[in-house]
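Survey of secondary and tertiary structure
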Amino acid sequence: MSTILITGATSGLGRYMAFELVRAGHVVLAHGRDRLRTERLVAELRTEGEAEGFVADLARLAEVRELGARVAEARPELDVLINNAGAGGGTPGSGRELSADGHELRLAVNYLAPVVLTRSLLPVLRANTPARIVNVGSAGQEPLDVTDPELTHGYSGMSAYCRSKFALAAHTFTLAEELADSGVSVNVLHPATFMDTAMVRESGIAPWSSVADGAAGVLALATRESGSGGYFDGTRRARAHEETYDPEVRKRLATVTEQLLAV
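The structure displayed is predicted, hence computed values, not measured ones. (Residues numbered from 1 in each chain as written. Predicted model: local features only at pLDDT ≥ 70, side-chain atom pairs only at ≥ 80, totals over all residues. Heavy atoms only, no water.)

Brief notes about unusual backbone geometry
What counts here: Each helix is a run of DSSP H or I of at least 4 residues and each strand a run of E of at least 2, with the numbering of both proceeding from the N terminus.
Cis geometry marks the peptide bond from Thr129 to Pro130, where omega comes out at 0°. When you line up the elements, Pro130 lands in the loop between α4 (105-127) and β5 (131-136). One non-glycine residue, Asp181, lies in positive phi territory at about 70°. On the secondary structure map, Asp181 appears in the loop between α5 (157-178) and β6 (184-190).

Points about helix α8 (residues 247-262)
Short version of the rule: In this scheme, a helix's expected span is set at 1.5 Å multiplied by one less than its residue total. Residue exposure (1.4 Å probe, protein chains only): buried if accessible area is under 20% of the type maximum, exposed if over 50%, otherwise partly exposed. The arc under discussion is defined with respect to the helix axis, by the directions toward the C-beta atoms. Identification of polar contacts relies on pairs of N or O atoms within 3.5 Å, with a donor-acceptor requirement for protein atoms, meaning one able to donate a hydrogen and the other able to accept it, and with residues adjacent in sequence counted only if both atoms are side-chain atoms.
Here α8 is 16 residues long and its end C-alpha atoms lie 23 Å apart, about the 22 Å a rise of 1.5 Å per residue gives. Every buried residue belonging to α8 is among Val249, Arg250, Leu253, Val256, Thr257, Leu260 and Leu261, and all of these are buried. Projected down its long axis, α8 shows its buried positions confined to an angular sector of 135°, all on one face. For α8, the exposed residues set more than 90 degrees away from the buried face come down to Pro247, Lys251 and Ala262. Measuring from the backbone nitrogen of Glu248 back to the side-chain oxygen at the start of α8 gives 2.8 Å, which picks out Asp246 as the cap.

Re the nonpolar core
Let me state the cut-off plainly: The nonpolar core is taken to be a set of buried Ala, Val, Leu, Ile, Met, Phe, Trp, Tyr and Cys residues, with the residues joined through side-chain atoms within 4.5 Å. Contacts are assigned to residue pairs with any non-hydrogen atoms lying within 4.5 Å of each other.
Ranked by internal contacts, the top residues of the largest apolar core, which has 41 residues, are Leu5, Val71, Leu78, Tyr111, Leu121, Leu125 and Ile133. When residues of this core are traced back to their parent elements, those giving at least two are β2 (27-32), α3 (61-74), α4, β5, α5, β6 and α8. The biggest single contributor to this core is α4, with eleven residues. For Ile133, the contacting residues outside a window of four places in its chain are Leu81, Asn83, Thr118, Leu122, Leu125, Leu175, Leu179, Val184, Ser185, Val186 and Asn187. With 27 residues, the next largest nonpolar core counts Ile4, Ala30, Leu221 and Phe232 among its residues.

Things to note about the pattern of salt bridges
Put simply, the test is: Only one rule defines a salt bridge in this text: a Lys or Arg side-chain nitrogen within 4 Å of an Asp or Glu carboxyl oxygen.
Scanning the model with the defined rule gives 15 salt bridges in all. A salt bridge links Glu50 to Arg75, with the shortest nitrogen-to-oxygen separation between them at 3.0 Å. One end of the pair, Glu50, is in the loop between α2 (35-45) and β3 (51-55); the other, Arg75, is in the loop between α3 and β4 (80-83), with 25 residues separating them in the sequence. Relative accessible area serves as the criterion here: at 12%, Arg75 is assigned to the buried category. Shared partners join several salt bridges into a network, and the residues in it are Glu50, Glu52, Arg75 and Glu77.

Details of the packing of α3 against α4
Keep this limit in mind: Axis lines are fitted to C-alpha atoms, over the contacting stretch for helices. Their N-to-C directions set the angle, which ranges from 0 to 180 degrees. Throughout, the term roughly parallel applies to angles under 35 degrees, roughly antiparallel to angles over 145, roughly perpendicular to angles from 65 to 115, and oblique to all others. By definition, turning the near helix anticlockwise from the far helix through less than a right angle yields a left-handed crossing, and turning it clockwise yields a right-handed one.
Where α3 meets α4, the closest approach of the two axes is 9 Å, and the angle between their N-to-C directions is 25°. Here α3 lies roughly parallel to α4, going by the angle between them. The handedness of the crossing between α3 and α4 is right-handed. Judged by residue contacts, Leu61, Val64, Arg65, Leu67, Gly68, Val71 and Ala72 of α3 engage Leu112, Ala113, Val116, Leu117, Ser120, Leu121 and Val124 from α4.

Points about the pairing of β2
As a reminder of what qualifies: Paired strands are those between which DSSP finds at least two bridges. Seen with the strands pointing away from the viewer, any crossover whose path from the first strand over the helix to the second strand runs clockwise is right-handed.
In terms of burial, β2 is largely enclosed, as six of its six residues are buried. Residues of β2 alternate between two faces, with Val27, Leu29 and His31 on one and Val28, Ala30 and Gly32 on the opposite face, all of them buried. Pairing between strand β1 (residues 3-6) and β2: four bridges, direction parallel. Counted as the bridge partner of Ile6 is Ala30 from β2. As a crossover connection, the stretch from β1 through helix α1 (residues 12-23) into β2 is right-handed. Relative to β3, β2 runs parallel, the two being bridged by five bridges. Bridge pairing links Leu29 to Glu52 in β3. In this region the chain leaves β2, passes through α2 and returns to the parallel neighbour β3; the handedness of that crossover is right-handed.

Limitation: the analysis is restricted to geometry and does not speak to function.
Have a look at this one:
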């Protein structure tokens with residue numbers, strides 16, 4: 001059985017997966033932004049199995065780093081990381097939002113936070129191979145403009161969301177190459193289209209699918225050998241946006257990522 005950290009576990013897809021995994025006998029480390037909601041979730045999970053809660057605001061990169069350090073210290077046996085938490089496109093017509101650090105909010109939560117958290121937990125994951133990283137992405141992908149990564153011009157929430165998910169996919173493929181032969185696999189997936197979540201409803205979209213539909217692919221990648229460096233549509237291997245595979249695009253993304261994290 002594995003020890004699995006799920007970010008964004010207090011609602012939607014994350015909450016559903018937390019219960020599925022704890023019922024299957026895994027130790028679930030449930031991350032949430034709100035302390036009370038996280039504590040309530042953990043109390044419920046503990047009626048089914050072993051669970052522990054961790055609170056952090058992923059829009060604050062210092063808290064993301066602290067989260068990684070706390071998990072590594074409390075659970076040195078961690079062998080699966082599910083980067084599930086995300087910020088959607090926002091309410092229709094809403095303006096550009098910034099994180100506590102001054103980054104465009106979708107880029108901060110959907111891309112920079114997973115990058116920082118993964119880096120902080122890699123030493124633990126490397127020590128517990130075979131280990132797995134699962135990045136919850138989206139089929140909605142739009143190339144990130146490295147000259148304007150924070151989308152200061154022509155902003156739209158949905159475009160910001162799609163750019164953050166493009167970056168996450170491209171980063172996944174780069175990381176998979178870096179981790180080749182390390183025993184740590186990393187994959188990215190589109191769980192399901194317009195799941196019945198608060199994020200989708202906030203965007204004014206009528207849900208097309210359930211969180212159970214979306215959970216199948218994530219749970220498979222988290223608990224079964226599926227190779228590394230793959231993009232999945234649900235449980236099926238698929239293709240991400242073609243530019244995510246371009247070495248030059250990924251090199252430019254890596255450069256701008258370092259610049260953003262240094263700010």
